[in-house]
Amino acid sequence: MSKWIFASVSVAAWCAAVTAAAEPVRVPVDSDEKGTIYVAPNVNPTETSAYTKGATIGVERPDGSGTYIGTDTSTPRPTYSLGASTGGNVSLTGGVLSDGKNNNGVKAGVTIKY
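Since we're looking at a predicted model, the values are computed, not measured.

Draft legend 1. Here's a closer look at the pairing of strand β4 (residues 66–72). Of the strand pairs in this sheet, strand β3 (residues 50–60) and β4 are connected by seven bridges, and their pairing is antiparallel. Residue pairing for β4: E60 is matched across the bridge by G66. Hairpin connection of β3 to β4: five residues between the antiparallel strands, including G64 at a positive phi of 100 degrees. As paired elements, β4 and strand β5 (residues 79–85) share seven bridges and run antiparallel to each other. Opposite D72, over in β5, you have T79 as the bridge partner. Between β4 and β5, which follow one another and run antiparallel, lie six residues.

Written out as structure tokens, the structure is:
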């Protein structure tokens, strides 16, 4: 029984760590009643320091809608991204990314708040 509890707690802790690592850190730059402007740096930690390889700049409004534009220089060719999302209980998200040559993509999603 104790092995099962230990395994369950371990899996839950691992899932929480993976989920926490998936969200980028957003540093607010300016905020008012219209929304928040933020910067989300692409931080790569090392053993003794951390350095950035690009960033995303975005605007998030009180209703949950927003836009972003960013760059990622961690690969040999920089990748650029642009996207937006609607607000409300059913939020639609869309974006594009490209390195200008081989790596091109479109992403879309739906978030339902309940």
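Draft legend 2. Structural detail: the pattern of salt bridges. Scanning the model with the defined rule gives two salt bridges in all. A salt bridge links E60 to R26, with the nearest nitrogen and oxygen atoms 2.5 Å apart. Linking E60 in strand β3 with R26 in the loop between α1 (2–22) and β1 (27–32), this pair joins segments that are 34 residues apart in sequence. On the accessibility criterion, E60 (35% relative accessible area) is partly exposed. According to the relative accessible area criterion, R26 is partly exposed, its value standing at 43%. With its nearest N and O atoms 3.7 Å apart, the salt bridge here joins R77 to D99. With R77 in the loop between β4 and β5 and D99 in the loop between β6 (90–98) and β7 (104–112), the pair connects residues that are 22 residues apart, well separated along the chain.

Reading the values: rules and limits
- Residues numbered from 1 in each chain as written.
- Predicted model: local features only at pLDDT ≥ 70, side-chain atom pairs only at ≥ 80, totals over all residues.
- Heavy atoms only, no water.
- Pairing = 2+ DSSP bridges.
- Helix = DSSP H or I, 4+ residues; strand = E, 2+ residues; numbered from the N terminus.
- Salt bridge = Lys/Arg side-chain N within 4 Å of Asp/Glu carboxyl O.
- Buried < 20%, exposed > 50% of the residue type's maximum accessible area, 1.4 Å probe, protein only.

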